[in-house]
Amino acid sequence: MRISLRWLNDYVQINLPPEELAHRLSMAGLEVEAIEKLGDFWDSIRVGRVVRLEKHPNADRLWLATVDLGDRQETVVTGAPNLREGVKVPFAPVGAKLIDPAQGKLVELRAARIRGIESRGMVCSEAELGISDDHSGIMILPDDAPVGAPLREYLGDVVLDAKPSPNRPDWFSLLGIAREVGALTGQPVTEPPAEYAEAGPPVGALVQVEIADPDLCLRYCATVITGLKIGPSPEWLQRRLRAAGMRPINNVVDVTNYVMLEWGQPLHAFDLDRVIGRRIIVRRARPGERLVTLDGQDRALPPDALVIADAERAIGLAGIMGGANSEVSETTTAIVLESANFHPTNIRRTATALGLRTEASIRFERAIRPELTVPAARRATALILELAGGQAAQGMVDLYPGQKPETEVTVTAAQIKRLLGTDIPGPEVHRVLGLLGCRVEEPEPGVYRVRPPFWRSDLNIREDIIEELARIIGYDNMPTTMPAGPLPEPIFDPRRDLEEAVRDILVGCGLQEVLTYSLVSKTLLDLFDRNGAPEPLRLVNPMSAEQEYLRTSLRPSLVNTLATNRRRGEVGPVKIFEIGRVYWARPDDLPLELKRVVGVLSGPAGPRVWNRPERELDFYDAKGVLETLFWRLGVDVRFEPGTDPDLHPGKTAVCLVGNARVGVVGELHPRLIDAFELRERPQLFEIDFERLAELPRNSRAYRPVPRYPAVEQDIALVVAETVPAGRLVDIVQGTPYLERVDVFDVYTGPPLSPGEKSVGLGLVFRAPDRTLTEAEVRQLVERLVRRLERAVGARLRA
Amino acid sequence: MITTELEQLRAEALASLEQAETLDALREWRVTYLGRRGRLTQVLRQLGTIPPEERPRVGAVANRIKDELEAAYEAREAVLKEAALAVTLAAERVDVTLPGRPVDLGGYHPTTLVLREITSAFAELGFQVVEGPEVEWDYYNFEALNIPRDHPARDMWNSFWLTPGGTEAERPMLLRTHTSPMQIRVMEKFRPPIRVVVPGRCYRYEATDATHESMFYQFEGLAVDEGLTFADLKGTLYAFARMLFGPERRVRFRCDYFPFVEPGCDMSIDCSHCGGQGCRVCGGSGWIEIMGAGMVHPQVLRNVGLDPDRYQGFAFGGGPERVAMLKYGIEDIRHFYANDLRFLRQFRW
């Protein structure tokens, strides 16, 4: 809503600077997003009158205009085609600042010689003054412009661009805003004049109105004016419409728009001679009914759309837009002026269905009050008679099926204190509510019976009234306290702690957290195996194909993040992870939202450093991260060779706890490496957070510190290359006194035979109650080697 | 006689010690003079040949000389060791200007960092963290929050729909447009006193620009109990703002409208960039809006079966990205989920 302060001043005296006014309105809930100042740079520009206009002696298309400024005359050279002697124009002397339309910025006007004639100043176009984009000619001022007066005094304005909240339809009108300003500043509000002579025949003789669907039309008022003359509106009216962001059309249409901006009540004028049968019927659209609206669109009307019809056909879309078939035109001489009130939900649904939001529909859907129809109709009728002539019919059509009893809200001093945490003294309650136009009775002390003014459809319950008190007194003037009372019982949520722990550990392992979009493209999702997930959920109204489906896996997002960063030129290591949700559809219910942890490690193992050999991140880097994670979490996990359709079949391990698969780690399948056009071997891990959260964890179990020394012994075993190292470790596990076993070496090559490998195991033995002897350890190792020999044919390497 | 010999030996030994330039030479010296078969021992063997009445005096001289030589030896050894160590240390010098071996650095997403700050600030105020579904029923996202179908306020939240026909569906399902549906779910599940804060992802069908994303996070707060007032709401948010943005921050509460609160407000903090003078960061106003809030609407309480004559509460919500943008000076919200590592790696803690 664009608020011209010059216009607003018609209804309430503004005694604050614009910035202060904007601030006060914003604090009270009407957010002012911008303050536009028209004429803030017009320091020396004045109203002038062209007293003489001669051809430039040395140029065909230039003129010499002599401009009278009251105290002096100046002659300027101009090329404007629209000057005439006697017109009033804005005159800018040398030194004035003007907008150069070619550059779009302010420049200072300098004296110039144009074809031998000195030009001391300029007559200005609207574009040069910042009024509009019109640079086709000089701005011609109305005849009432006082010669010599500073232009700013005559034309300058400040426009506040404000964003009314959806609950305040009254803020979609200047009068409503004036009332707000009045309440905030204590200034009285004056309604505009609406007196006129009802000189014509009774209105009922000229038009018949019937409401066929009273559930959708709460009130229908109409006046009729005959013998009028369509023409352009006067300059002041056009200027105000433009300042409000509307385009002037003709005197009748402009008045309907002007009064809508003024009162917030949309109005529509039908050409009476095009209303067949001079009958107006307010009814639902018929099946298949169409209407060409004023914007020239031929529209199929949705069921339940409310139309204004004449005896034969629809002539308007109620509350949204008129029909072309009854439009006021240059030849119109009689009009029916509609001022009605329609059901807000119905208007909103029809407007949404047709994709047609208009100044009228945004007001109706916010539930403006039916009480507005009469004063708006009277005001518009009076203005049309003034500007277009003619005769108003006697009386006014007023059908009011939707009349409701006046709203009354009772609020007590105790309730005010209970909500705001402070007492508001009785006189203050009366004062504030009175400023807002409420009528307040106090049948007993501290009980307020409040009848809100008719334009405040948002005041219905006691909390609404209490908010009014707080907001007008000022939220910043309300007290500030800390809540008292008991704290709730703790909500025990180990999952949250676990999630934060996983995040901390992975960051500690050198991984960067990413957060990727939940919405992905089908193309990206389909690159990966579905892995047991159901069909992804598709948005009905996606913004783009890139964000059309709810992801069923984090893998695509993570690999895509790697690829995107490579495309951006990242050449170093990429080690990233995300803890996020996947969305698994269920029939007739919300989807399951499951948490997953997915990481990708790819590229060089670290930045290039002088004292560290370069290498690529590989499977064991990723596995090491998972081992660290599970160790830190105290979860005993086994890694076993496994398969996963998205991973390299020879470089995939599954993480098992008991028989439950909690995760997987492996190298990305070459198919996917190709699909993402990567030139590296990314390693990927995934943990099913839901399963992880279910697992027992022993990270906090204490074991006594050993009292006796350990004995360490390294052995090298030769086995077939196909025997997994993990198998050797599994076999030796359980050997008495064996505390730990580390694989410290794996070797293939001469002198071993092809197909053989040597595995170095570091064994640590310890007894809890004594120091083991060398002989005991020797015996334990021999037994252990024999077991290995029997199980996998291992032999000790010499 | 023998004492003369001892004195001569002493002089000779001390002179010789001066010549010992290495630890090896020093050890050799020790063998020569102080060893079991060394010169001093040899002289002392003659002790038997002198008259018994002289032995104590001579013995005392011999012991003094022995102690003196031992001390001289130790002093010399210390000097030589020091010198040897200096040589070793000099040889072991490294170029300390070479870069250190890098430690693998991970990092948190800035949204995580800010959400952690926010949730721990509210934890100090007694608010516990809960989470809720991102895919919601229209009922929780709108209806129960006093935003019926066809309410013009629905324009404030353009939605991504999962059911054909959008809001026209029999049971419309959508991506939540705010974390506020958790107000309803929490009140359905827990009885007052309630104090929760809910972080989570939200989605809006909106053209993206420097300040709008179609996916973003919110944090929602809800406190419900007997006797909670608008003054408590102000106090809680004021405490929060200062915990998060520093004790010198000023706050401002303006009237604002959300259908599920009454009275409704928004909270702004004074712009730390310009100190409230007005600048590009605050759009010239000197204030930066960071949260919407209000007293829970009585209809919302009734919708979850709480008696508004007994219970009252307040709710608030804000965007962690906006907080992060202020704290770190990030100019464009679209950086957050583009996951450019050059962006993410800047946030260290």
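Residues numbered from 1 in each chain as written. Chains lettered and ligands numbered in written order. Predicted model: local features only at pLDDT ≥ 70, side-chain atom pairs only at ≥ 80, totals over all residues. Heavy atoms only, no water.

Caption draft 1: Examining the overall build of chain A more closely. A tally of regular secondary structure across chain A gives 22 helices and 40 strands. Structurally, chain A occupies a C-alpha span of about 130 × 85 × 60 Å along its principal axes. Buried positions account for 53% of the 798 residues belonging to chain A. Considering only intrachain contacts with a sequence separation of at least 6, the fraction spanning at least 24 residues in chain A is 69%. Roughly 36,100 Å² of accessible area belongs to chain A as shown, and the carbon and sulfur atoms make up 50% of that amount. When the 99 basic and 113 acidic side-chain charges of chain A are each reduced to a single mean position, those positions are 3 Å apart. (Helix = DSSP H or I, 4+ residues; strand = E, 2+ residues; numbered from the N terminus. Buried < 20%, exposed > 50% of the residue type's maximum accessible area, 1.4 Å probe, protein only. Contact = heavy atoms within 4.5 Å. Areas by Shrake-Rupley, 256 points an atom, 1.4 Å probe, with all protein chains shown as cover. Lys, Arg positive; Asp, Glu negative; His and termini not counted. Charge placed at Lys NZ, Arg CZ, Asp CG, Glu CD.)

Caption draft 2: A look at the interface of chain A and chain B. Each partner contributes to the interface: chain A provides 92 residues, whereas chain B provides 99 residues. Across the chain A to chain B interface the summed buried area is about 8,000 Å²; carbon plus sulfur atoms make up 53%. Its largest share of buried area at the contact with chain B, chain A owes to A:Arg418, A:Tyr475 and A:Leu515, together 9% of the area lost on that side. In this assembly, chain A and chain B are joined by 13 salt bridges. Across the salt bridge formed by B:Asp150 and A:Arg349, the nearest N and O atoms sit 3.3 Å from each other. Viewed at the interface, chain B and chain A are joined by 53 residue pairs in polar contact (both at pLDDT 80 or more). Classifying every residue of the side of chain A that touches chain B by side-chain character gives 40 nonpolar, 19 polar and 33 charged. (Buried area = accessible area lost by both parts, 1.4 Å probe. Salt bridge = Lys/Arg side-chain N within 4 Å of Asp/Glu carboxyl O. Polar contact = N/O pair within 3.5 Å; in protein donor to acceptor, adjacent residues only side chain to side chain. Nonpolar A, V, L, I, M, F, W, Y, C, P; charged D, E, K, R; others polar.)

Caption draft 3: The arrangement of the environment of A:Ala194 in detail. All names here are of chain A. Along the chain, Ala-194 falls in the loop between helix 5 (174-185) and helix 6 (203-206). Separated by 182 residues in sequence, Ala-194 and Val-12 place their C-alpha atoms 17 Å apart. In contact with Ala-194, not counting residues within four places along its chain, are Arg-378, Arg-379 and Ala-382.

Caption draft 4: Representation of helix 11 (residues 373-388) of chain A within the structure. Residues and elements named next belong to chain A. Helix length check: helix 11 (16 residues) gives 21 Å between terminal C-alpha atoms against 22 Å at 1.5 Å per residue, within 8%. Within helix 11 the residues assigned to the buried category are Thr-373, Ala-376, Ala-377, Arg-379, Ala-380, Thr-381, Ala-382, Leu-383, Ile-384, Leu-385 and Ala-388. Against the buried residues of helix 11 lie strand 14 (217-226), helix 7 (235-243), helix 8 (251-263), strand 22 (335-342) and strand 23 (391-392). Following helix 11 by one or two positions, Gly-389 has its phi on the positive side, about 70°. (Expected span 1.5 Å × (residues − 1).)

Caption draft 5: Region of the structure containing the packing of aromatic side chains. Within the structure shown, the criterion is met by 28 aromatic pairs over all chains. Centroid distance A:Trp236 to A:Tyr258: 5.7 Å. Interplanar angle 85°. Geometry classified as edge-to-face. Here A:Trp236 is found in helix 7, whereas its partner A:Tyr258 is found in helix 8, with 22 residues between them in sequence. Judged by centre distance (5.2 Å) and plane angle (85°), the rings of A:Phe454 and A:Trp455 are edge-to-face. Take A:Phe454: its relative accessible area is 25%, and that puts it in the partly exposed class. With a relative accessible area of 17%, A:Trp455 lands in the buried category. Of note, B:Lys327 hangs over the ring of B:Phe245, and the distance from its end group to the ring centre comes to 5.6 Å. (Phe/Tyr/Trp six-rings, centres within 6.5 Å; stacked < 30°, edge-to-face > 60°. Lys NZ or Arg CZ within 6 Å of the ring centre and 35° of its normal.)

Caption draft 6: Just the environment of A:Leu228, in detail. All names here are of chain A. With respect to the secondary-structure elements, Leu-228 resides in the loop between strand 14 and helix 7. By relative accessible area, which is 4% here, Leu-228 ends up buried. For Leu-228 and Thr-331, which are 103 residues apart along the polypeptide, the C-alpha to C-alpha distance reads 9.8 Å. Excluding anything up to four places from it in sequence, Leu-228 contacts Val-252, Thr-332, Thr-333, Ala-334, Ile-335, Ile-384, Ala-388, Gly-389 and Gly-390.

Caption draft 7: Layout of the pairing of strand 15 (residues 268-271) of chain A. Residues and elements named next belong to chain A. Burial along strand 15 is two-sided: the face carrying His-268 and Phe-270 and the face carrying Ala-269 and Asp-271 are both buried. In terms of strand pairing, strand 15 meets strand 22 through four bridges, oriented antiparallel. Within strand 22, the position partnered with His-268 by the bridge is Glu-338. (Pairing = 2+ DSSP bridges.)

Caption draft 8: Structural view of the domain arrangement of chain B. For chain B, the domain assignment lists domain 1 (2-90) and domain 2 (114-347). The C-alpha-based centres of domain 1 of chain B and domain 2 of chain B are spaced at 89 Å. (Domains from an automatic or database assignment.)

Caption draft 9: Representation of the pattern of salt bridges within the structure. This model, assessed by the stated rule, comprises 108 salt bridges over all chains. Its salt-bridge partner being A:Arg379, residue A:Glu262 comes within 2.6 Å of it at the nearest N-O pair. You can see A:Glu262 sitting in helix 8 and its partner A:Arg379 sitting in helix 11, a full 117 residues away along the chain. The buried category is assigned to A:Arg379, whose relative accessible area is 9%. Taking the shortest distance from any N to any O, the salt bridge between A:Asp273 and A:Arg278 comes out at 3.0 Å. If you follow the salt bridges from partner to partner, you end up with A:Arg496, A:Glu499, A:Glu500, A:Arg503, A:Asp504, A:Glu513, A:Arg581, A:Glu593, A:Lys595, B:Arg116, B:Glu131 and B:Glu134 in one network.

Caption draft 10: Spatial organisation of the sheet that holds strand 21 (residues 321-322) of chain A. Residues and elements named next belong to chain A. Ordered by their spatial adjacency, five strands build an open sheet running 13-16-19-20-21, and the pairing between neighbours is mixed. If you trace the sheet from one side to the other, it starts and ends with strand 13 (208-211) and strand 21, each paired once. Direction of pairing for strand 13 relative to strand 16 (residues 279-284): parallel, over a ladder of four bridges. Each residue of the ladder has a partner; that of Ile-211, found in strand 16, is Val-282.

Caption draft 11: Summary view of unusual backbone geometry. Backbone torsion omega between B:Pro192 and B:Pro193 reads 5°, so that peptide bond is classified as cis. Here B:Pro193 shows up in the loop between helix 7 (181-189) and strand 4 (194-203). A cis amide bond links B:Glu262 with the next residue in sequence, B:Pro263, at an omega value of -5°. The topology assignment puts B:Pro263 in strand 7 (residues 261-270). In this model, A:Asn531 sits at a positive phi of 50°, which is unusual for a non-glycine residue. Inspection of the secondary structure assignment puts A:Asn531 in the loop between helix 16 (522-527) and strand 30 (549-550). Phi is positive for A:Tyr737, which is not a glycine, with a value near 65°. If you trace the backbone, A:Tyr737 turns up in the loop between helix 21 (725-732) and strand 38 (738-747).

Caption draft 12: Representation of the sheet that holds strand 1 (residues 2-4) of chain A within the structure. All names here are of chain A. Ordered by their spatial adjacency, three strands build an open sheet running 1-12-2, and the pairing between neighbours is antiparallel. Here the strands that pair on one side only, and so sit at the sheet edges, are strand 1 and strand 2 (31-38). Within the sheet, the average angular offset between the axes of one strand and its neighbour, ignoring direction, is 25°. Of the strand pairs in this sheet, strand 2 and strand 12 (residues 157-163) are connected by seven bridges, and their pairing is antiparallel. Bridge pairing in strand 12 links Lys-37 to Val-158. (Axes fitted to C-alpha atoms, helices over the stretch in contact; angles between N-to-C directions.)

Caption draft 13: How the structure looks around the packing of helix 13 (residues 426-435) of chain A against helix 14 (residues 462-473) of chain A. All names here are of chain A. Viewed as axis vectors pointing N to C, helix 13 and helix 14 meet at an angle of 90°, and their least axial separation amounts to 10 Å. In terms of their interaxial angle, helix 13 and helix 14 are classed as roughly perpendicular. Where helix 13 approaches helix 14, its residues Glu-428, Val-429, Val-432 and Leu-433 are matched on the opposing element by Ile-465, Glu-468, Leu-469, Ile-472 and Ile-473. Of the residues contributing to the contact of helix 13 with helix 14, the split by class is seven nonpolar, no polar and two charged. (Parallel < 35°, antiparallel > 145°, perpendicular 65-115°, else oblique.)

Caption draft 14: Spotlight on helix 4 (residues 55-91) of chain B. Residues and elements named next belong to chain B. A rise of 1.5 Å per residue sets the reference length of helix 4, with its 37 residues, at 54 Å; its end C-alpha atoms lie 53 Å apart and thus fit the reference within 8%. Burial in helix 4 covers these residues: Val-58, Gly-59, Val-61, Ala-62, Ile-65, Leu-69, Glu-70, Ala-72, Tyr-73, Arg-76, Glu-77 and Leu-80. Looking at the buried side of helix 4, the elements it contacts are helix 1 (2-19), helix 2 (23-34) and helix 3 (39-45).

Caption draft 15: Main features of the side chain of B:Thr236. Along the chain, the position of B:Thr236 falls in helix 8 (residues 230-245). Engagement of the side chain of B:Thr236 in a polar contact is seen with the backbone oxygen of B:Asp232, the distance being 2.8 Å.

Caption draft 16: Layout of the pairing of strand 8 (residues 105-108) of chain A. All names here are of chain A. Examined bridge by bridge, strand 7 (residues 97-100) and strand 8 share four bridges and lie antiparallel to one another. Bridge assignment links Leu-98 to a residue of strand 8, and that residue is Val-107. Taking the residues between adjacent antiparallel strands as the criterion, strand 7 and strand 8 are bridged by four residues, where Gly-104 takes a positive phi near 75°.

Caption draft 17: Expanded view of the nonpolar core. The biggest cluster of nonpolar side chains holds 275 residues, and the ones touching the most others in it are A:Ile3, A:Tyr220, A:Phe342, A:Val502, A:Phe685, A:Leu692 and B:Phe122. Sort the elements by how many residues they give to this core and helix 8 of chain B lands first, with eight residues. The contacts of A:Val502, once residues within four sequence positions are left out, are A:Ile579, A:Val597, A:Leu629, A:Leu633, A:Phe689 and A:Leu692. In this structure, A:Val719, A:Leu728, A:Ala767 and A:Val785 belong to the second largest nonpolar core, which totals 24 residues. (Core = buried A, V, L, I, M, F, W, Y, C linked by side-chain atoms within 4.5 Å.)

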